[in-house]
Amino acid sequence: MALNDSGDREYDFTLLLDGVSEIDAELEDALFEAGCSDATISMRFGRVYLMFTRNATSMKDAVLSSIHNVRDAKVARVLRVDACDLVTQADIARRMGRTRQLVNQYVTGVRGPGSFPAPACNVEGGGPLWYWREVAQWLCQCGLIGEDVLREAQEVAIINGVLDLENQRRQAPDLTAEVVSSLAAKTTGE
């Protein structure tokens, strides 16, 4: 990330699109005219995506403004930010610029202050996965990554959570409404 004259920073991120299966001039023109001139449109494995380099005051602002631009184009939906919140030990090591062995020592409590976050899934399957936002919180508290990395992890996780819920509402509106209503009723009754 680089700081520019206005005090904004440059953020690089990718948005995965839904509702489009090919790249054509109409799609490119609509996205460009809606404000996505700072993105490169590409396709891989049947998924169209936009790679942005956007100036903003925060990652959250950069991502949200780009989502609004895509929505304004009215040619595609944003599926999610291409940043997986579920990570392996190798992913954690790569994100913090350390070795996988060191991360394993944090996980097992051999190094660090202990209380490394518990895995989010695949606990019994031998390939546990952690929520990056929880690991980033622990790493930040230990002084191993900066607060900016933690904030970006939290922002992207929340944005993807909201986008995932929107997509579920579109795909299974009745079931989504039922589950949201049921869980909201239980939460408010606690």
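For the structure itself, consult the block above.
Residues numbered from 1 in each chain as written. Predicted model: local features only at pLDDT ≥ 70, side-chain atom pairs only at ≥ 80, totals over all residues. Heavy atoms only, no water.

Draft legend 1. Representation of the packing of helix α3 (residues 89–96) against helix α5 (residues 132–141). Viewed as axis vectors pointing N to C, α3 and α5 meet at an angle of 50°, and their least axial separation amounts to 12 Å. Regarding the angle of α3 to α5, the classification is oblique. The handedness of the crossing between α3 and α5 is right-handed. Every residue of α5 that contacts α3 at I92, R95 and M96 is listed here: W132, V135 and L139. (Axes fitted to C-alpha atoms, helices over the stretch in contact; angles between N-to-C directions. Helix = DSSP H or I, 4+ residues; strand = E, 2+ residues; numbered from the N terminus. Parallel < 35°, antiparallel > 145°, perpendicular 65-115°, else oblique. Left-handed = near helix turned anticlockwise from the far one by under 90°. Contact = heavy atoms within 4.5 Å.)

Draft legend 2. Region of the structure containing the pairing of strand β2 (residues 39–44). In this structure, β2 lies alongside strand β3 (residues 47–56), joined through six bridges in antiparallel fashion. Within β3, the position partnered with S42 by the bridge is Y49. A loop of two residues connects β2 with β3, the two strands running antiparallel in sequence, and F45 in this loop sits at a positive phi of about 55°. (Pairing = 2+ DSSP bridges.)

Draft legend 3. Summary view of the packing of aromatic side chains. Going through the model one piece at a time under the given rule, you end up with four aromatic pairs. With a centroid separation of 6.2 Å and an interplanar angle of 80°, the aromatic rings of F116 and W130 are classed as edge-to-face. Taken together, the residues F116 in the loop between α4 (100–108) and β6 (130–131) and W130 in strand β6 connect sequence positions 14 residues apart. Residues F116 and W130 agree in their burial class; the two are buried. (Phe/Tyr/Trp six-rings, centres within 6.5 Å; stacked < 30°, edge-to-face > 60°. Buried < 20%, exposed > 50% of the residue type's maximum accessible area, 1.4 Å probe, protein only.)

Draft legend 4. Quick look at the packing of helix α2 (residues 59–73) against helix α6 (residues 147–171). Two numbers describe how α2 lies on α6: the axes approach to 9 Å, and their chain directions differ by 25°. Looking at the two axes, α2 sits roughly parallel to α6. Side by side, α2 and α6 meet where M59, K60, V63, L64, I67 and R71 of the first sit next to E152, E155, V156, I159, L163 and E166 of the second. A breakdown of the residues in the contact of α2 with α6 according to their chemical character gives seven nonpolar, no polar and five charged. (Nonpolar A, V, L, I, M, F, W, Y, C, P; charged D, E, K, R; others polar.)

Draft legend 5. Broad picture of the side chain of N167. With respect to the element layout, N167 can be found in helix α6. Taking the relative accessible area as the measure of exposure, N167 reaches 5% and is therefore buried. Only 3.2 Å separates the side chain of N167 from the backbone oxygen of L79, close enough to count as a polar contact. Residues in contact with N167, not counting those within four places in the same chain, are V78 and L79. (Polar contact = N/O pair within 3.5 Å; in protein donor to acceptor, adjacent residues only side chain to side chain.)

Draft legend 6. Expanded view of the nonpolar core. Judged by nonpolar contacts, the single largest core of 28 residues is most densely connected at F13, L15, L17, L31, L50, V63 and V70. Elements with a minimum of two residues in this core: β1 (9–18), α1 (25–33), β2, β3, α2, β4 (77–81) and α6. Residue contributions to this core peak at six residues, all from α2. Apart from the residues lying within four places of it in its own chain, the contact partners of V70 are L15, L17, L31, C36, L50, A76 and V78. Membership of the second largest hydrophobic core comes to 18 residues, among which are F116, W132, I145 and L150. (Core = buried A, V, L, I, M, F, W, Y, C linked by side-chain atoms within 4.5 Å.)

Draft legend 7. View of α1. Within the span of α1, buried status applies to L27, A30 and L31. All buried residues of α1 lie within an arc of 95° about the axis, which places them on one face of the element. In this structure, α1 carries F32 and E33 as exposed residues pointing more than 90 degrees from its buried face. Among the structural elements, β1, β2, β3 and α2 are those in contact with the buried residues of α1. One or two residues past the end of α1 sits G35, with phi positive at roughly 115°. (Arc of directions from axis to C-beta.)

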